[in-house]
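Inside the fold
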Amino acid sequence: MSNIILTGFMGSGKTSTGIRLSYRLRRAFLDTDQLIEREQGKEISRIFAEEGEEQFREMETRMLKKLVETEQERIISTGGGLPMRAENRPLLHALGTVVYLKVTPETVYERLREDTGRPLLQCEDPLRRIRELMTEREAVYQAGADVVIEADGRETDDIVKEIEEKTV
């Protein structure tokens with residue numbers, strides 16, 4: 001048995017699904033963004049503001065390399081942009097089974113429109129920005145996934161059951 005890695009756009013439900021899946025499978029849950037925040041002693045939004053997106057992406061890659069070298073059988077939620085870096089994709093597969101939680105831009109917007117902690121969405125027209133980013137990322141998410149889960153309009157427990165059926 002290996003890790004289950006959840007990928008997808010911000011707001012796709014990676015964290016909530018990951019936590020529920022970790023309880024169901026009795027495995028530890030890790031979130032790469034939270035691990036980086038803990039390691040850096042500051043929130044992602046502050047890292048973006050002070051050091052820039054490229055530095056943050058470097059931190060993500062270093063975190064993945066650390067995770068590959070540690071024990072297995074965990075549920076790992078990744079940041080939405082993490083798979084976009086080519087060197088991260090083989091690391092994700094080395095970690096375990098990659099599950100892409102697929103949602104629409106409208107779902108993301110509804111879930112995140114009040115969230116001021118998302119640096120990439122602090123702009124004039126967040127829905128347009130979500131659509132642009134999702135269009136850029138869709139092919140990478142699809143190609144990098146071992147399993148694709150349609151997560152729109154579904155209960156978290158149903159998503160968790162489908163992940164369990166397709167990965168364990």
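A brief report on the enclosed structure follows.

Each value, and the rule that gives it
Residues numbered from 1 in each chain as written. Predicted model: local features only at pLDDT ≥ 70, side-chain atom pairs only at ≥ 80, totals over all residues. Heavy atoms only, no water. Helix = DSSP H or I, 4+ residues; strand = E, 2+ residues; numbered from the N terminus. Expected span 1.5 Å × (residues − 1). Buried < 20%, exposed > 50% of the residue type's maximum accessible area, 1.4 Å probe, protein only. Contact = heavy atoms within 4.5 Å. Axes fitted to C-alpha atoms, helices over the stretch in contact; angles between N-to-C directions. Parallel < 35°, antiparallel > 145°, perpendicular 65-115°, else oblique. Nonpolar A, V, L, I, M, F, W, Y, C, P; charged D, E, K, R; others polar. Pairing = 2+ DSSP bridges.

Here helix H7 (residues 126-144) contains 19 residues, and its C-alpha end-to-end distance of 26 Å stays within 8% of the 27 Å for a straight helix at 1.5 Å per residue. Listed as buried for H7 are Leu127, Ile130, Leu133, Met134, Arg137, Val140, Tyr141 and Gly144. Buried residues along H7 sit in contact with helix H4 (53-68), helix H5 (88-95), strand S4 (96-102) and helix H6 (105-112).

Right, let's talk about the packing of helix H3 (residues 44-51) against H4 for a bit. The N-to-C vectors of H3 and H4 enclose an angle of 125°; their axes lie 7 Å apart at closest approach. In terms of orientation, H3 and H4 fall into the oblique class. Listed contacts from H4 to Ile44, Ile47, Phe48 and Glu51 of H3 are Glu53, Gln55, Phe56, Arg57 and Met59. Taken together, the residues that form the contact of H3 with H4 break down as five nonpolar, one polar and three charged.

Across the sheet, which stays open at both edges, the five strands sit in the order S2-S3-S1-S4-S5 with parallel pairing between neighbours. Because the sheet does not close on itself, it has two edges, and the strands there are strand S2 (28-31) and strand S5 (147-150). Strand-to-strand twist of the sheet, defined as the mean angle between neighbouring strand axes without regard to direction, takes the value 20°. With four bridges joining them, S2 and strand S3 (residues 74-77) adopt parallel strand pairing.

Once that is clear, we can look at unusual backbone geometry. Located in the positive-phi region is Arg26, a residue other than glycine, with phi close to 55°. Mapping Arg26 onto the fold places it in the loop between helix H1 (14-25) and S2.

Here the focus is H4. Between its first and last C-alpha atoms H4 spans 23 Å; for 16 residues at 1.5 Å apiece the expected length is 22 Å, and the two agree. All of the buried residues in H4 are Phe56, Arg57, Met59, Glu60, Thr61, Met63, Leu64 and Leu67.

With that settled, consider the pairing of strand S1 (residues 3-7). Across the five residues that make up S1, a large majority, five, are buried. With burial as the criterion, each face of S1 is covered, one bearing Asn3, Ile5 and Thr7 and the other bearing Ile4 and Leu6. Sheet topology note: the S1/S4 ladder contains five bridges and is parallel. Bridge pairing in S4 places Leu6 opposite Val99.

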